Every structure is written in structure tokens, then in C-alpha cells.
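# What the coordinates show
Listed below are the residues making up each chain.
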Amino acid sequence: MSHKPVSLTEFVLDEQRKYPKASGDFTLLLIQLAAAGKTIASHIRRGGLGDMFGKTGKKNTSNDEVIALDEYSNDVLVETLTASGQVHAVASEEMDEIHHVTKHTGEYIVFLDPLDGSSNTAYSITVGTIFSIYHKKSSMLARGIEQVAAGYILYGTSVMFVYTSGGEVNGFTLDPAIGEFLLSHPSITIPKTGSIYAINEGNALQWDTPTQEFMAYVKKQSFSARYVGSLVADIHRTLLKGGIFLYPADTKHPHGKLRLLFEVNPIAFLIQQAGGVALCGMDDPLAIVPSSLHQRVPVVLGSKEEVEYYRSLL
Ligand code: AHM
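Residues numbered from 1 in each chain as written. Predicted model: local features only at pLDDT ≥ 70, side-chain atom pairs only at ≥ 80, totals over all residues. Heavy atoms only, no water.

## Let's talk about the overall build of the chain
Secondary structure summary: the chain contains 7 helices and 15 strands in total. Whereas a compact globule of 314 residues would reach a radius of gyration of roughly 20 Å, the chain reaches 19 Å, a difference of no more than 12%. With 314 residues in all, the chain has 51% of them scored as buried. For the chain, the accessible area works out to roughly 13,800 Å², and carbon and sulfur atoms hold 53% of it. Separation of charge centres in the chain, based on 26 positive and 33 negative side chains, amounts to 3 Å. (Helix = DSSP H or I, 4+ residues; strand = E, 2+ residues; numbered from the N terminus. Rg over C-alpha atoms; globule rule 2.2 N^0.38 Å. Buried < 20%, exposed > 50% of the residue type's maximum accessible area, 1.4 Å probe, protein only. Areas by Shrake-Rupley, 256 points an atom, 1.4 Å probe, with all protein chains shown as cover. Lys, Arg positive; Asp, Glu negative; His and termini not counted. Charge placed at Lys NZ, Arg CZ, Asp CG, Glu CD.)

Structure, rendered in C-alpha cells:
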């Protein structure tokens with residue numbers, strides 16, 4: 001038996017061989033995303049040594065302050081994907097408009113949250129990149145169910161690349177010694193039930209009744225509270241340990257906080273492929289026809305048992 005670890009490149013090439021008609025374009029796209037992730041990771045690692053935490057003085061479409069690292073991560077990803085020749089268009093949480101590739105255009109549309117939770121980098125807290133891939137025949141405002149693949153790159157105590165192209169969810173850890181993502185978490189399935197909840201409790205007074213009832217229930221059950229405030233970190237833990245993540249609508253965030261196309265759809269796709277459940281109100285977020293590029297929606301997702309209980313209270 002071979003003890004050689006499987007690299008992300010080998011893994012996606014192997015997947016490609018299962019489809020004799022595959023052109024290799026998707027494989028290349030994933031490899032380019034991983035390459036951009038390594039570049040971003042190495043910059044984040046420099047922490048306060050660089051000049052990356054400074055504010056640019058700009059605000060993005062979602063009215064968030066843009067820091068230099070947001071702009072840097074966005075540029076690295078957009079330039080890498082544009083140069084890859086695999087992309088028809090790129091949309092990013094950091095860009096007002098869709099970037100249509102005109103030269104060496106490819107088959108895919110990519111949605112990016114280049115550096116989710118970026119305000120946390122100033123405190124050396126885990127952040128991540130979220131990506132969502134569609135075929136170019138999809139509309140730019142397609143339902144999440146049409147995603148070809150989705151995943152995230154987590155910049156934490158280790159750097160991880162977690163993705164699904166439908167079917168399995170697999171996780172790869174960056175081996176800094178060789179600069180390669182290696183398969184470390186094959187076929188991730190989310191536990192059917194967990195004992196951790198993640199929600200911003202600062203919004204408690206603004207919650208609706210079902211959310212208040214649900215929170216009373218998890219406390220009665222002595223769940224543990226864990227909330228990083230970086231979606232990728234909170235989701236990664238939920239995926240591996242189970243439990244529930246909530247960013248519901250409340251009186252302060254009447255539409256929720258997270259963006260449908262850049263955050264909710266890719267994460268919901270991953271969670272569902274791993275055997276979990278994702279809700280937007282009573283509905284599956286992947287069934288929603290987006291009304292605008294930067295649309296926000298409420299979301300509750302995680303282990304089947306907890307999310308179904310939440311649904312039963314609605
Ligand atoms: P950002 O795109 O401005 O970084 O906001 C997204 C982040 C998510 O990572 C996280 O889940 C959420 O906002 C936390 O919001 P809050 O601070 O309201 O709890």
C-alpha cells in the first residue's frame with residue numbers, strides 16, 4: 001500500500017479521468033484557485049509585518065470598509081482566474097460589477113468572496129476565501145442548485161482547501177514544506193447531530209420568536225457556544241463537529257447579513273453534499289432565484305437534527 005499522500009492536483013486529475021469526455025478545464029480552474037489561495041495565505045501569514053491591514057478608505061457594495069488585504073486578495077484571485085483561460089466571468093463581493101473576461105475566455109463563471117471575515121485579520125484570527133463555480137450557460141443570477149462546484153480556502157492554524165463538485169466533500173491541508181495541498185479529510189460527512197451553536201448573540205434582542213425559542217432550546221440542552229465571526233471558520237467547525245450555524249433575519253438585519261451568491265449558496269451546497277441541511281426561512285437557499293448580485297438572505301445550516309428542529313419552530 002502506498003503511503004504517498006494524494007495531492008489536490010492528483011485528486012482532481014483522478015476525478016477528471018472518471019469523465020472520459022472531460023476537457024481538463026475544470027481541473028485547471030481548481031488548480032488555479034488553489035494557487036491563488038497559497039499566494040493569499042502567504043501574505044496573511046506576514047500579519048502585521050506588511051502594510052495589509054490598512055483601510056483603503058473605500059466601501060464595497062455591501063457597505064463594508066475595504067482593507068488593503070481585501071483588495072489584494074480580490075486582485076490575486078481575479079487576475080489568476082482571468083489568466084487561466086478557464087473563465088467566462090468573475091463576480092466578487094468586492095466588486096460592484098461583473099468582470100467579463102474578453103481574452104482567453106473559458107467555460108466557467110466564478111463567484112468569489114475573496115477574504116471573508118477580513119476585519120479579523122488584524123487580530124490574527126482565521127479568515128477564508130469562498131468560491132462558487134457555475135457553467136457559463138447559467139445566468140449570472142442562477143439558482144445555487146446550478147453550481148458545478150463550491151468550496152472554501154481556510155487560512156487558520158493550517159491552510160485548508162475544501163470543495164465539492166457534487167457528491168463528496170473533500171478537504172486538503174497545505175503542507176508548507178512542499179507547498180502542496182494534500183488530501184487530509186476525505187469524504188467529509190457532517191454529524192447528524194452536534195452540540196455546538198454559532199450565532200452572534202449580540203443580536204439577541206432583535207431576534208424573531210422562532211430564533212429565541214430555538215436558542216432557549218439549545219441552552220436547555222447545554223450546547224456549547226462557539227462564534228468566530230468568520231464564516232469559513234464557523235462553517236469548517238460545523239462541518240467537522242456538527243451543530244448549527246445561524247445568521248437569521250432580525251430587526252437590525254431584516255434580510256439577514258450574508259450574501260446569497262457569494263456566501264450562502266456555496267456554503268449551503270457544501271453542507272448539503274456533506275449530508276447536512278441549509279435553510280433560508282423555510283426554503284432551500286439553493287432554490288432561490290437571486291434578485292440581485294449582492295442580495296443578502298437569512299441562513300441557518302448544519303447538522304440535520306438541529307436544523308430540522310429549527311425548521312419545526314418556524
Ligand atoms: P465581511 O464580508 O464583512 O467580512 O462579513 C462577513 C462576516 C462573516 O464571515 C461572518 O459570518 C459574519 O460576517 C459575522 O457577522 P457579525 O459580525 O454581524 O456577527
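## Description of the nonpolar core
Counting residues in hydrophobic clusters, the biggest one holds 38 residues, and the most contacted among them are Ile 133 and Phe 161. Element by element, the count of residues in this core is highest for helix α2 (residues 25–45), at 9 residues. With residues up to four places along the chain from it excluded, the contact list for Phe 161 reads Leu 8, Leu 30, Leu 33, Ala 34, Phe 131, Tyr 152, Ile 153, Asn 170, Gly 171, Phe 172 and Phe 181. Among the nonpolar cores identified, the runner-up in size contains 32 residues, and Ala 150, Val 232, Ile 235 and Val 297 belong to it. (Core = buried A, V, L, I, M, F, W, Y, C linked by side-chain atoms within 4.5 Å. Contact = heavy atoms within 4.5 Å.)

## Observations concerning the sheet that holds strand β5 (residues 108–116)
With mixed pairing, the 8 strands of this open sheet are ordered in space as β4-β3-β5-β6-β7-β8-β9-β10. The strands lining the two open edges of the sheet, one partner per strand, are β4 (99–100) and β10 (180–185). Alignment of strand β7 (residues 149–155) against strand β8 (residues 159–164), held across 6 bridges, turns out to be antiparallel. If you follow Ile 153 over to β8, its bridge partner there is Phe 161. Strand contacts of helix α3 (residues 68–84): β3 (87–92), β4, β5 and β6 (127–135), with the helix running at about 160° to β5, the strand carrying the most contacts. (Pairing = 2+ DSSP bridges. Axes fitted to C-alpha atoms, helices over the stretch in contact; angles between N-to-C directions.)

## Let's talk about the packing of aromatic side chains
Scanning all chains against the criterion turns up 12 aromatic pairs. Summarising the aromatic geometry, the rings of Phe 214 and Tyr 217 are spaced 6.0 Å apart at their centres and angled 45° between planes, so their arrangement reads as tilted. With Phe 214 and Tyr 217 both in helix α4 (residues 209–220) and 3 residues apart, the pair spans about one turn of that helix. The exposure class of Phe 214 is buried, given its relative accessible area of 0%. Taking the centre distance of 5.4 Å and the plane angle of 75° together, the rings of Phe 214 and Tyr 310 count as edge-to-face. In this pair, Phe 214 sits in helix α4 while Tyr 310 sits in helix α7 (residues 304–313), placing the two residues 96 residues apart along the sequence. Like Phe 214, the residue Tyr 310 is buried in the burial classification. Connected via pairs of aromatic rings, a cluster forms that spans Phe 11, Phe 131, Phe 161, Tyr 163, Phe 172 and Phe 181. (Phe/Tyr/Trp six-rings, centres within 6.5 Å; stacked < 30°, edge-to-face > 60°.)

## What to know about α2
For α2, built from 21 residues, the straight-helix expectation of 30 Å at 1.5 Å per residue is met to within 8% by its first-to-last C-alpha distance of 30 Å. Within the span of α2, buried status applies to Phe 26, Thr 27, Leu 29, Leu 30, Leu 33, Ala 34, Ala 36, Gly 37, Ile 40, Ala 41 and Ile 44. Two residues or fewer past α2, Gly 47 is found with a positive phi of approximately 45°. (Expected span 1.5 Å × (residues − 1).)

## Quick look at the sheet that holds strand β14 (residues 277–279)
Read from one edge to the other, the open sheet built from 5 strands follows the order β12-β11-β13-β15-β14, with strand pairing classed as mixed. In this open sheet, the two strands that pair with only one neighbour each are β12 (224–225) and β14. Judged from the 4 bridges that link them, strand β13 (residues 244–247) and strand β15 (residues 299–302) form a sheet pairing that is antiparallel. Looking at β15, one finds that Tyr 247 is bridged to Val 299. In the packing of helix α5 (residues 231–241) onto the sheet, contacts are made with β11 (196–198), β13 and β15, and the angle to β13 comes to roughly 150°. Seen against the sheet, helix α6 (residues 260–273) touches β14 and β15 and runs at an angle of roughly 25° to β15.

## Brief notes about the pattern of salt bridges
Scanning the model with the defined rule gives 9 salt bridges in all. As a salt-bridge pair, Lys 136 and Glu 107 come within 3.5 Å of each other at their nearest N and O atoms. In this pair, Lys 136 is assigned in the loop between β6 and β7 and Glu 107 in the loop between β4 and β5, connecting sequence segments 29 residues apart. We note a salt bridge from Arg 237 to Asp 234, for which the minimum N-O separation is 3.2 Å. With Arg 237 and Asp 234 both in helix α5, this residue pair falls 3 residues apart, about one helical turn. A single salt-bridge network, built from bridges that share partners, covers Glu 93, Arg 259 and Glu 263. (Salt bridge = Lys/Arg side-chain N within 4 Å of Asp/Glu carboxyl O.)

## What to know about the site of the ligand
Inspection of the region around the ligand gives 14 residues, with Asp 116, Asn 200, Tyr 227, Leu 231 and Tyr 247 positioned closest. Within the backbone of Gly 117, one N or O atom sits 2.8 Å away from an oxygen atom of the ligand. Measuring from an oxygen atom of the ligand, one finds a side-chain N or O atom of Asn 200 at 2.7 Å. Bound to the protein, the ligand loses 84% of the 470 Å² it would expose on its own. Looking at the shell around the ligand, its residues break down into 3 nonpolar, 5 polar and 6 charged. (Near = heavy atom within 4 Å. Polar contact = N/O pair within 3.5 Å; in protein donor to acceptor, adjacent residues only side chain to side chain. Nonpolar A, V, L, I, M, F, W, Y, C, P; charged D, E, K, R; others polar.)

These figures capture arrangement, not role.
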